[in-house]
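Examining the three-dimensional arrangement
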Amino acid sequence: MLFSSIFAEKTILMIKTIIIITLILLALWLTGCWGYKAKQDKNNKANVEPKYNWGVAVNAPIGYPIRFYGGRVGGMSITGELYSKLREPDWGNAFGYESTSMDKLPKNVDMVWFSYKEDCFYRLKTAIDYEKIAKLFREGFNQRVPNGEVRHKTYDTIVVGIAPGGVVVLWVGYGYLPLTEIGRYQAEKIELREPEGLDNHQKLIFSKKGGAEVLNSNTIIPEDFREANKDKPIPFGLWDSYRDNQYQWYPTFEIPNGKMGDVDYQYWNGEADTFFFTDFIALEGQKDVFAPQELCHNIRKLPLYKEIRFTYKAEDGIKYGGVLQFDWESTLEAYKKVFEKHSDEVKAHLDIRINRDNTYLTVRLVGDNGKEAFIEPKLIDIGEANQKYAPP
């Protein structure tokens with residue numbers, strides 16, 4: 001009887017022990033499962049490509065209209081057909097996107113178009129730099145809005161630039177600026193015959209009569225451009241030269257007893273951005289000469305300025321704004337004169353000097369090799385800025 005009682009107690013204790021161990025193992029298993037699931041969910045979320053609200057804008061240089069047969073940038077279709085520009089900026093401009101929608105960022109493009117000036121079709125089918133695009137969209141940019149505030153924004157446009165010779169350049173952009181180049185691509189000429197069953201509108205891209213009308217239309221090609229280039233060949237390679245001609249230089253602004261404001265700038269290669277007045281420093285021993293701190297401390301190869309818009313506070317306490325537009329050939333000639341054949345060795349600064357009356361300025365490229373050259377902008381415009389909102 002005593003033995004039976006002891007045996008029963010041991011049996012009950014063993015069962016309790018087994019139950020406890022089982023519960024512990026079950027808890028550990030469940031914890032492991034949930035932990036694994038959480039880790040998997042985290043990994044899955046990390047691998048999900050984010051979506052942004054973005055669209056496509058197409059640039060075709062003034063005088064060189066194109067018509068799309070079909071095209072897409074990633075999963076975004078190019079829905080427009082005839083593309084041409086009547087005024088600047090015509091190379092690197094994110095305005096005029098067709099529509100925007102929430103979508104994944106593009107990893108490739110596939111597009112076919114007709115070049116009216118060349119009377120031929122091109123096709124570009126290629127992968128593009130997704131990582132660079134994603135980084136730009138993820139990081140965003142700062143922009144000063146009309147009320148003077150600086151706000152953080154997200155890019156919203158993939159810009160497709162199509163130039164003669166099948167040259168294609170892609171930028172990530174937002175309006176007129178900022179724009180950052182993603183890459184340059186080369187399309188191939190293709191033979192494309194008119195398929196059967198097209199309606200009259202669809203036949204336009206194959207119509208010789210329609211092509212002649214496009215090339216002679218003042219609403220597609222400005223009359224002054226057409227007359228000025230009437231007997232000239234297509235300047236193949238020009239848009240590559242905008243990218244390829246880069247020198248080690250930085251800008252300086254000389255304002256007598258003044259303060260520097262913001263500078264919006266566009267390079268000839270289509271890229272554009274802003275220097276905020278907080279980005280500038282006065283050069284050592286030259287309290288009236290201001291330069292972007294990052295550029296003068298890290299002088300590197302840059303494209304050439306196409307346009308600058310800037311503000312400053314003058315000696316009289318009034319805020320002014322200036323606009324400079326540069327001619328490509330004369331500007332390039334000045335850089336070649338200063339740098340000669342030593343673009344990897346020579347460094348220079350582009351000195352923009354404003355007179356005390358705030359009515360005129362001079363532009364001078366000064367090299368550390370003792371050479372310099374004056375550049376005459378094709379447009380100089382100086383006037384009073386918004387006294388309340390214009391920086392500084």
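Residues numbered from 1 in each chain as written. Predicted model: local features only at pLDDT ≥ 70, side-chain atom pairs only at ≥ 80, totals over all residues. Heavy atoms only, no water.

1. A look at the overall build of the chain
Cut-off, in case you're wondering: Under the DSSP-based scheme used, a helix requires at least four consecutive residues in state H or I and a strand at least two consecutive residues in state E, with every element numbered from the N terminus. Burial classification: accessible surface area is computed with a 1.4 Å probe over protein chains only, and a residue below 20% of its type maximum counts as buried, one above 50% as exposed, and the rest as partly exposed. Only heavy atoms matter for contacts: two residues are in contact if any of them lie within 4.5 Å across the pair. Method for areas: the Shrake-Rupley scheme with a 1.4 Å probe, in which residue coverage is limited to the protein chains shown.
Helices and strands together make up the secondary structure of the chain, namely seven helices and 25 strands. Residues counted as buried form 45% of the 392 residues belonging to the chain. Residue pairs at least 24 apart in sequence account for 65% of intrachain contacts in the chain once pairs closer than 6 positions are excluded. Carbon and sulfur atoms form 53% of the exposed surface of the chain, whose accessible area is close to 21600 Å².

2. Observations regarding the pattern of salt bridges
When their charged atoms lie close together, side chains carrying opposite charge are able to pair. Put simply, the rule is: The salt bridge definition used is simple: a Lys or Arg side-chain nitrogen within 4 Å of an Asp or Glu carboxyl oxygen.
For the coordinates displayed, the defined rule picks out 21 salt bridges. With a shortest N-O distance of 3.0 Å, E139 and K135 are connected by a salt bridge. One end of the pair is E139 and the other is K135, both in helix 2 (residues 130–139) and four residues apart, which spans about a single turn. Through salt bridges with shared partners, one network takes in E254, D351, R353, R364 and E372.

3. Re the environment of L283
Mapped onto the fold, L283 is located in strand 17 (residues 280–283). Of the residues examined, L283 reaches a relative accessible area of 17% and is grouped as buried. Counting along the chain gives 31 residues from L283 to T252, while the straight-line C-alpha distance between them is 9.0 Å. The contact partners of L283, leaving out residues within four places of it in the chain, are T252, V289, A291 and C296.

4. Let's talk about the side chain of K319
Under the convention used in this document: Residues counted as positive are Lys and Arg, residues counted as negative are Asp and Glu, and His and the chain ends are not counted. N or O atoms closer than or at 3.5 Å make up a polar contact, with two conditions inside protein: a donor-capable atom paired with an acceptor-capable one, and, for residues adjacent in sequence, both atoms drawn from side chains.
Its place among the elements puts K319 in strand 21 (residues 319–325). For the buried residue K319, which engages in no salt bridge, the nearest side chain bearing the opposite charge is D262, 10 Å off. A polar atom in the side chain of K319 sits 2.9 Å from the backbone oxygen of P392.

5. Side note on the environment of I66
Relative to the assigned elements, I66 resides in strand 2 (residues 66–73). A relative accessible area of 3% means that I66 is categorised as buried. Taking the C-alpha atoms as reference points, I66 and I162, separated by 96 residues in sequence, lie 8.2 Å from one another. Contact partners of I66, with chain neighbours within four places excluded, come to V58, A60, E81, L82, Y83, W113, F114, S115, Y116 and I162.

6. Quick notes on helix 7 (residues 328–339)
Our working definition: A helix's residues, less one, multiplied by 1.5 Å, set its expected span. Working definition: the arc comes from the directions between the helix axis and the C-beta atoms, pointing outward to the latter.
For helix 7, which comprises 12 residues, the first-to-last C-alpha distance of 16 Å matches the rise-based estimate of 16 Å (1.5 Å per residue) to within 8%. Within the sequence span of helix 7, burial applies to W328, T331, L332, A334, Y335, V338 and F339. Viewed end-on, helix 7 has its buried residues packed into an arc of 155 degrees, placing them on one side of the element. Relative to its buried face, helix 7 has exposed residues pointing more than 90 degrees away, namely E329, E333 and K337. Elements that come into contact with the buried residues of helix 7 comprise helix 5 (238–244), strand 14 (247–254), strand 22 (348–354), strand 23 (361–367) and strand 24 (372–375). With a side-chain oxygen positioned 3.3 Å from the backbone nitrogen of E329, the residue opening helix 7 is D327. One or two steps after helix 7, the chain reaches E340, where phi turns positive at roughly 50 degrees.

7. Here's the deal with the pairing of strand 12 (residues 179–186)
Rule in force here: Two strands are said to pair when DSSP picks up at least two bridges between them.
Across the eight residues of strand 12, six count as buried, placing the element largely inside the fold. With seven bridges connecting them, strand 11 (residues 167–173) and strand 12 associate as antiparallel partners. Residue pairing for strand 12: V167 is matched across the bridge by Q186. Hairpin connection from strand 11 to strand 12: five residues lie between these consecutive antiparallel strands, with G175 at a positive phi of about 60 degrees.

8. Thoughts on the nonpolar core
The following threshold applies: The criterion is simple. A nonpolar core is a set of buried Ala, Val, Leu, Ile, Met, Phe, Trp, Tyr and Cys residues joined through side-chain atoms within 4.5 Å.
In this structure, W249, Y305, I308, F310, Y335 and F339 are the most contacted members of the largest nonpolar core, which totals 58 residues. With six residues, helix 7 is the largest single contributor of residues to this core. Judged by nonpolar contacts, the second largest core, of 35 residues, contains Y130, L136, I158 and Y185.

9. Structural notes on the environment of L365
With respect to the helices and strands, the residue L365 is situated in strand 23. What L365 contacts, discounting residues up to four positions off in sequence, is A334, Y335, V338, F339, A348, H349, L350, K371, E372 and A373.

10. Considerations on unusual backbone geometry
Cis rather than trans, the peptide bond between E88 and P89 has omega equal to -5 degrees. By the secondary structure assignment, P89 is in the loop between strand 4 (82–83) and strand 5 (100–104). Between P391 and the following residue, P392, the backbone shows a cis peptide bond with an omega angle of 10 degrees. Along the chain, P392 falls in the segment after strand 25 (379–384). Notably, D119 is not glycine yet its phi reads approximately 55 degrees, a positive angle.

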